Amino acid sequence: MYTLQQFKNRKMALSHPHRPSALKQQNKKHQTLGHRSKGSVAKSNKGRISVKTLSKKAKKELSREQRKHRSKQIRAFKKEAAILRKRGLGTANNPPFLATVVPLCPNINPRKVLKTLAACDKAATITTSSQGIMHISCPRFRQRFSFVVPPVNDLYAVLDSVKVSDTLMLLWPAEELGEAADLLLSSVLAQGLPAPVHIVAGLEDMSQKAVLESALAQDQDMMVTEDLEQELSTRLVLEEPSIHKKHHKKHQSRQNLIKDIELRFPGPAKLYSLERDQDALMILRQIGAQKQRPLYFRDSRPHILAENVEFIEEGSSGTLKIHGYIRGKSLSVNGLVHIPGWGEYQMSRIDSSPDPHPLLLHSRDSEANVMDGGTFMLAESDPALQETLTSTNEVDPMEGEQTWPTEEELAEAEQSISSKPRTKRVPKGTSDYQAAWILESEEEEEEDDDDESRSNMDDGFAPVDNVSQDGYECEDDNEEEYEMTVTDAEGVNYDDKIDYGAEIDALQKLKNAREDAMFPDEVDTPMDMPASIRFQKFRGLQSFRTSPWDPNENLPVDYSRIFQFENFRHTKKRVMNEEKQGALPGWYVVVHIADVPRHLYDNHVSSHSPLAVFGLLIHEQKMSVINVVIKSHSLGHLRPIKSKERLIFHIGYRRFANAPIFSEHSTGNKHKLFRYFQPGSTVVATMFAPITFPPASVMVFRERPDGAQDLVATGSLLSVDPKRIVTKRVVLSGHPFKINRKTAVVRYMFFNRDDVLWFKPVELRTKWGRRGHIKEPLGTHGHMKCQFDGQLKSQDTVLLNLYKRVFPKWTFDPYVARPPPLYTFRSSHDMEERTSGEENTGEQPCQKKAKTVKFHSARL
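Residues numbered from 1 in each chain as written. Predicted model: local features only at pLDDT ≥ 70, side-chain atom pairs only at ≥ 80, totals over all residues. Heavy atoms only, no water.

1. What to know about the overall build of the chain
In terms of regular secondary structure, the chain is built from 23 helices and 32 strands. Within the chain, the fraction of its 860 residues that count as buried is 38%. Carbon and sulfur atoms form 51% of the exposed surface of the chain, whose accessible area is close to 53900 Å². (Helix = DSSP H or I, 4+ residues; strand = E, 2+ residues; numbered from the N terminus. Buried < 20%, exposed > 50% of the residue type's maximum accessible area, 1.4 Å probe, protein only. Areas by Shrake-Rupley, 256 points an atom, 1.4 Å probe, with all protein chains shown as cover.)

Following this line, the structure appears as C-alpha cells:
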C-alpha cells in the first residue's frame, strides 16, 4: 500500500512527459512536393479568407445536362452563323456569286466555257453588263452568278479581279503549264486564294490526238509489208481496241492533272469537265454550295466590282460614276475609296439604282416590275464629316526651337557669314593678289559639294582626294590638271550595242553580295582618315539584346511628316469593331467619285481590264512606317537584292513602288540590318507607305530593264511601327601579332594611337568565341595590347562591333506601270504574210519559228 505522500509523488512523476535525449531517432517530415498541403494551409488560416478569394467571381460548376445544353446552343449558334454567311451571297437581296474565269493557257477560249454554262439551264436568265460581266439567274438553284473574264495576258487585271471574287475558275490545259501560268498561279496563291473550281479543257482533243498519232505510227510500220490482205485484217482487228486506248489516254491525263493540282492547291482536288450540260450544272451547283474561303483584307472593307463606268469631264479631271454591287461591309459616303493603281479619292454622293440583273423565280414579268423604279440619291457627302485626303503632316522647321534669336544675334550671324574666309584651289606659286582674281567655275563648286556630301556619308568609304579629312591640302608637285576632249572610236558596232558600264555595275554588285555573304558586315578601316571620324555616328553595345536604345533620338526630318499610333493594336481593334453606317452590302448603287484624272480613265478604257473599288478604313490614307515579313520565292529570286533597291509591292488591295531596307525577323527591340536580301532567306522590309491594318498579304516584284516583272518574295504585313529600331552593324577586324596566353598584341584594326584610345571602352570578340578588351596602345601605328578570357589562337581573328541606327528613304511611288503581256500574240494575217515570204525565199537557211498563240479577248 502506498502512503498519501508516495501517491502524490508518483502522480507528479507521471504528469511530466519524457524528455528525449540527443540520441533519439528523428524521422523525416511528410513530403508536400515543395508546397504546403491543404490541411496545413487551412490550419494556419484558421478560417480566414484572403481578399483575392472574396473578390474573384465564383465559378459555377455545371452538371452534365447543363454542359450538354450549352454545347448544343454553341453548335446551333455556329450553324446559324454559317447559314447566314452562306445566304449572304447569290440570293435575291444579296450580291451574286462573283467568279473570275482564268485560263492557264492562251489557247483555251473562256467564252466557250461561259457559253456552255449559259446554255446548261433553259430556264435561266442571261444578262451581260457593259464591262463584259455575264450574269446567270438560275431559278433551279434559287441563286444568281456573275462571271468576269479579265484579259488573259494582263497579270494586274487578273489579280485585281481575283481580289474581289468569291470563286476562282481555273481552266486547265491538258498539257504542261508554261512559265507564265506558273507566275500567275504563284501570284494568286500569294495574294489570297478564293474558293477554287478546277475545269479541264481540251482533254477529249488531247486523247483523240494521242490515239491518232499512235495509229499513224502503226500505219507507217505496217506499210513495210507487201501483203495488202494482211494489212486490212490487222486494221480491222485494231480498230475496236482504239476506243479503249482513247479512254485509257484520257484517264491517264486526268490523273496526272489531278496530281498537279493537289501539289499546288491545299486539300483534295476535284476536277470538272464541260463535255455535257450536266457537267455545267454541277459546276454551278459547286460554286453555289462550296465553302467560301475568307480573305480578311477584302471581307473587312467594302468593295465594288464595276458593272458600268461613266466619266463626266470637268476640265483635266472629272467625276467617275461606278455602277455595281456593294460587297463586304457598308460603304459610307463620307469615307475614302481606293482604286488599285489609281490612288485614293473622295466620294461626292451615292445613288441607289434598280438591280439590272435580278433573280427571277416565278415569271419573266417580274423583271419589268423591278426595272420600273428609278435612281434616287441615298446619301451626299458632308464636308464637316468627310475624311480628308491629307496623307502627311506639315513640317515646321522651327518646331524644335525654344527661343527666337535677338537682333544682335542675327547681326552677329550675318557678320560672321560675310567675313568667313573662302578657300580656293590655285596653282602652286600663285600670290594672294593673283588668287583674288581667279574665279571658280560652277563645276568646281559642284565637285566641292559632292566631296563634302561623300565625306558626310557613313554608309560607304570616303574617297581619297586632294584634301585630307583634317582640311590640310596635300601637296604633290608632280600632279597637274589637264582638260581633254575624248572622242569615241568610230566603226565599233559591237560595243555600241552593249552597255559595258551596266555590265561592270552588275559584276560589282554580285561581288559585293558574295563578299557580304562570306564576311558579313566586315569593313576595312580606312587608312587615309581617322576611324573615330569615319565611324563617328556608330556606337558600341555591351549586349545587343539588353543594352538600351532610345527609339526617339536623332530622328530624320521625314519622321515629322508621318503619323504614329499611341497603341496600334488598340486602334486596330477599335476600327475593326466599329459599326459602319452607309449603303448596305447587296445594294446595287452608283458611286460618284470626285476629282479623278482623265488620263487614268482613258488608260482603263484602252486596257479592257476590270475596275475594282475598295472603301478605306479610318486612317488608312495616312503615311507611316510599315514593316512586312517577306520570304524569298524560288520562281524569280535568283540573285541577291540590295537594300534600298526599287521594288514593286502588292500589299492587300494596294500596289506601289518603294525602296525598303531589310532587317532580320527576330524578337527583341533591336534588329540587325541586312545589306542584301539573299535567295532562300526571310527578312523584314521597312519603308514609308500608307497605313494598312493587318492581316494583309504581301507580294514583291522586281522590275527588269525591259519592263517585265519577276515575283521575288511573298509574305504578310507585320506591323505599322515607326519605333522599330533597325541597326547597321560594322565589324572591324584585326589580327593577333604576338600572343602570350590570354594577352595578345593586335594590329591592322587601327592605324593610329588616337583611334585605339577612342575605341578602348568597346568590348572585343573573336571568331572562335573569345571575349576581351583593349588594355593600352603600343606605339603610334595602331598596335594595341588586348586581354582575353582564354588562350588565343594564332589563326583567330579579333573583331570589334559598332552599331548605328538606319532609317528608310522617302521613295514611295503610288503609280506603277503595268508589266508587258504574259504571252506573245501573233495574228493569223501576220502568219500568212510570213509564210508567203518564206516560200519566196526558198534557198535561204531555215530559221526557228516563233510559237503562234491564238488570243481570245475578254470582251463578250
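2. Quick word on the sheet that holds strand 2 (residues 125–128)
Strand order in the open sheet formed by seven strands is 2-3-4-1-5-6-7, with mixed pairing between adjacent strands. Taken across any chain shown, the strands that pair with only one partner, and hence form the sheet edges, are strand 2 and strand 7 (271–272). In this structure, strand 2 lies alongside strand 3 (residues 134–138), joined through four bridges in antiparallel fashion. Bridging from a neighbouring strand, Thr125 pairs with Ser137 of strand 3. (Pairing = 2+ DSSP bridges.)

3. Details of the environment of Val605
Summarising the element assignment, Val605 is placed in helix 21 (residues 598–607). Between the alpha carbons of Val605 and Val309 there is a distance of 9.4 Å; along the sequence they are 296 residues apart.

4. Section: the side chain of Ser733
With respect to the helices and strands, the residue Ser733 is situated in strand 27 (residues 725–740). Exposure remark for Ser733: the relative accessible area of 17% places this residue in the buried category. In this structure Ser733 touches Glu522, Tyr748, Met749, Thr797, Val798 and Leu799, once residues within four positions along its chain are discounted. (Contact = heavy atoms within 4.5 Å.)

5. A word on the nonpolar core
In this structure, Leu104, Leu170 and Trp172 are the most contacted members of the largest nonpolar core, which totals 30 residues. Contributing elements (two or more residues each) for this core: helix 6 (155–163), strand 5 (167–172), helix 7 (179–191), helix 10 (241–264) and strand 25 (697–703). For this core, the element with the highest residue contribution is helix 7, accounting for six residues. (Core = buried A, V, L, I, M, F, W, Y, C linked by side-chain atoms within 4.5 Å.)

6. Looking at a negative patch on the surface
On the surface, a cluster of negative charge is contributed by Glu407, Glu408, Glu409 and Glu412. Mapped onto the elements, Glu412 comes out in helix 14 (residues 407–418). For Glu412, a relative accessible area of 56% translates into the label exposed. (Patch = residues over 30% accessible without salt bridge, like charges linked within 9 Å, V, L, I, M, F, W, Y side chains within 5 Å. Salt bridge = Lys/Arg side-chain N within 4 Å of Asp/Glu carboxyl O. Lys, Arg positive; Asp, Glu negative; His and termini not counted. Charge placed at Lys NZ, Arg CZ, Asp CG, Glu CD.)

7. Considering the packing of helix 5 (residues 110–119) against helix 11 (residues 277–289)
Orientation of helix 5 relative to helix 11, taken along the N-to-C sense of each, is 90°, at an axis distance of 8 Å. The orientation of helix 5 with respect to helix 11, classified from their angle, is roughly perpendicular. Of the residues in helix 11, those touching helix 5 at Thr116, Leu117 and Ala119 are Asp277, Ala280, Ile283 and Leu284. Among the residues making up the contact of helix 5 with helix 11, the classes are represented as five nonpolar, one polar and one charged. (Axes fitted to C-alpha atoms, helices over the stretch in contact; angles between N-to-C directions. Parallel < 35°, antiparallel > 145°, perpendicular 65-115°, else oblique. Nonpolar A, V, L, I, M, F, W, Y, C, P; charged D, E, K, R; others polar.)

8. A word on a positive patch on the surface
A contiguous patch of positive charge, built from Arg64, Arg67, Lys68 and Arg70, is present on the exposed surface. When you line up the elements, Arg67 lands in helix 4 (residues 64–87). A relative accessible area of 41% means that Arg67 is categorised as partly exposed.

9. A word on the packing of aromatic side chains
Per the counting criterion, the structure on display carries 17 aromatic pairs. Where Tyr559 meets Phe688, the ring centres are 5.8 Å apart and the plane angle is 80°; that geometry is what we call edge-to-face. Of the two residues, Tyr559 sits in the loop between helix 19 (531–534) and helix 20 (568–577) while Phe688 sits in strand 24 (residues 682–690), which places them 129 residues apart along the sequence. Residue Tyr559 shares its accessibility class with Phe688, and that shared class is buried. (Phe/Tyr/Trp six-rings, centres within 6.5 Å; stacked < 30°, edge-to-face > 60°.)

10. Here we look at helix 6
Among the nine residues in helix 6, nine count as buried, and that is most of the element. Capping the start of helix 6, Asp154 holds a side-chain oxygen 3.3 Å from the backbone nitrogen of Tyr156, two or three residues further along. (Polar contact = N/O pair within 3.5 Å; in protein donor to acceptor, adjacent residues only side chain to side chain.)

11. Concerning the pattern of salt bridges
Here the structure, examined in full by the defined rule, presents 24 salt bridges. With its nearest N and O atoms 2.6 Å apart, the salt bridge here joins Arg144 to Asp355. Linking Arg144 in strand 4 (residues 143–148) with Asp355 in the loop between strand 12 (343–352) and helix 13 (366–371), this pair joins segments that are 211 residues apart in sequence. Neither residue differs from the other here; Arg144 and Asp355 are each classed as buried.

12. Quick word on the confidence of the model for the chain
Taken as a whole, the chain shows an average pLDDT of 79; of its residues, 74% reach a score of 70 or greater. This model gives residues 221–226 a pLDDT under 50, and the stretch forms three contacts once residues within four places in sequence are excluded. Counting interchain partners and residues more than four positions distant, the pLDDT-below-50 stretch residues 438–492 has 43 contacts. (pLDDT = per-residue confidence, 0-100.)

13. A closer look at the pairing of strand 24
Burial within strand 24 is extensive, with eight of its nine residues counted as buried. Sheet topology note: the strand 17 (residues 623–632)/strand 24 ladder contains nine bridges and is antiparallel. Among the inter-strand pairings, Val628 is bridged to a residue of strand 24, identified as Ala685. Bridge count between strand 21 (residues 661–663) and strand 24: three bridges; the pairing is antiparallel. By the bridge assignment for strand 24, Ile661 is matched with Thr686.

14. Here we look at the environment of Gln709
Here Gln709 shows up in strand 26 (residues 709–720). The class for Gln709 is buried, based on a relative accessible area of 6%. Between the alpha carbons of Gln709 and Pro820 there is a distance of 8.4 Å; along the sequence they are 111 residues apart. Beyond its immediate sequence surroundings of up to four residues, Gln709 is in contact with Tyr156, Leu183, Ile648, Phe701, Arg702, Glu703, Val816, Ala817 and Pro819. At a separation of 2.8 Å, a polar atom in the side chain of Gln709 contacts the side chain of Tyr156.

15. A few points about the packing of helix 6 against helix 7
The contact between helix 6 and helix 7 brings their axes to 10 Å, and the two run at 35°. As helix 6 packs across helix 7, the resulting crossing turns out to be right-handed. Within the contact between the two elements, helix 6 uses Leu155, Val158, Leu159, Val162 and Lys163 and helix 7 uses Leu183, Leu184, Ser187, Val188 and Gln191. Residues belonging to the contact of helix 6 with helix 7 are distributed by class as follows: seven nonpolar, two polar and one charged. (Left-handed = near helix turned anticlockwise from the far one by under 90°.)

16. Regarding empty space enclosed by the protein
For the structure on display, the rule yields five cavities of 30 Å³ or more. Roughly 80 Å³ of internal volume is contained in the second largest cavity. For the lining of the second largest cavity, the secondary structure elements donating two or more residues are strand 2, strand 3 and strand 4. At three residues, strand 3 tops the list of elements feeding residues into the lining of the second largest cavity. By residue class, the composition of the lining of the second largest cavity is six nonpolar, five polar and two charged. (1 Å grid on protein atoms, 1.4 Å probe; cavity = no way out; pocket = protein on both sides within 12 Å on 5 of 7 lines; lining within 4 Å. Points joined across faces, edges and corners; volume = space filled by probe spheres on them.)

17. A word on unusual backbone geometry
Note that the residue after Pro694, namely Pro695, is joined by a cis bond; omega there is 5°. Of note, Pro695 is situated in the loop between strand 24 and strand 25. With a phi angle near 55°, Asn554 is a residue other than glycine that sits in the positive phi range. Take Asn554: its relative accessible area is 64%, and that puts it in the exposed class.

18. As for a nonpolar patch on the surface
Nonpolar side chains collect at one region of the surface, where Phe376, Leu378, Leu584 and Trp587 lie side by side and expose about 360 Å² of accessible area between them. Tracing the backbone shows Trp587 in the loop between helix 20 and strand 15 (588–597). Owing to a relative accessible area of 35%, Trp587 belongs among the partly exposed residues under this scheme.

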